[in-house]
Amino acid sequence: MTKNKRTGSSRVRAGHREGETVRTLISHAQVKRRLKELARQIRRDFPKDPLHLIGILKGSVFFLADLARELGGEVSFDFLAVSSYGKGIDSTGEVKLIKDLDVSIEGKTVIVVEDILDTGLTLKYLLHIFGEKKPKHLRVVVLLDKQERRIADVRADYTGFTIPNEFVVGYGLDYDERYRNLPDVCILHLGTRAKAKSA
Ligand code: IMP
């Protein structure tokens, strides 16, 4: 991980199900500190513009809520839902729109708020559909970036942390809809038993 100076505790804890364990990669305090820096960076780039945040459900909810409160000035937000992963860990590479935006983004300074950039296929799809809606500016902020996994040629304008190729949960990120409520970003390990059950 390149960004944070000190990684969180490496203590391995029992997960939600037999065979699953979690280990803190980035503590909640580290996330909060980094969000202040990201918010300052974004506001420096757009000092006067009202910012329209678009959160990608559901993984970005805590990230968007915390970031929005760090951004001064006028801020509005909307949410969009796509599915790219199904229930497991491996991406199908398919992106399906499940919930569209509520309001038009034409002429607005839009900041897409994503939890994690992995293959980049989701973001590539989103930037394509948002670009066609004629925003004044279109920028992307991601909390986590797994650069090693990139397939699509996309990048975020603002990145919280670059992380290794591990499956992470917590602070909004899930495995099969679980672990979103962990305050820290944690690495999830599935024991052989848990893997067999989820297959
Ligand atoms: P991409 O299209 O492969 O970049 O995937 C983006 C989406 O996949 C994210 O918004 C997450 O929902 C999900 N995802 C990718 N990696 C992880 C992970 O390590 N933990 C949880 N969800 C992930």
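A brief report on the enclosed structure follows. (Residues numbered from 1 in each chain as written. Predicted model: local features only at pLDDT ≥ 70, side-chain atom pairs only at ≥ 80, totals over all residues. Heavy atoms only, no water.)

## So, helix α1 (residues 28-45)
No. 1: When the terminal C-alpha atoms of α1 are compared, their 26 Å separation across 18 residues agrees well with the 26 Å that a helix rising 1.5 Å per residue should span.
No. 2: Of all the positions in α1, only Q30, V31, R34, L35, L38, A39, I42 and R43 are classed as buried. (Helix = DSSP H or I, 4+ residues; strand = E, 2+ residues; numbered from the N terminus. Expected span 1.5 Å × (residues − 1). Buried < 20%, exposed > 50% of the residue type's maximum accessible area, 1.4 Å probe, protein only.)

## Concerning the pattern of salt bridges
No. 1: Under the defined criterion, the tally for this structure stands at twelve salt bridges.
No. 2: Of the charged contacts, one joins D118 and K146 as a salt bridge, the two residues approaching to 3.8 Å between their closest N and O atoms. Within this pair, whereas D118 is found in the loop between β6 (109-117) and α3 (121-131), its partner K146 is found in the loop between β7 (137-145) and β8 (158-162), the two being separated by 28 residues in sequence. In terms of burial, D118 and K146 fall into one category: buried.
No. 3: The shortest N-O distance in the salt bridge between D118 and R149 comes to 2.8 Å. Separated by 31 residues along the polypeptide, D118 in the loop between β6 and α3 and R149 in the loop between β7 and β8 bring together distant segments of the chain.
No. 4: D118 gets classed as buried once you look at its relative accessible area, which sits at 9%.
No. 5: Three or more residues are tied together by salt bridges with common partners; here these are K58, D174, E177 and R180. (Salt bridge = Lys/Arg side-chain N within 4 Å of Asp/Glu carboxyl O.)

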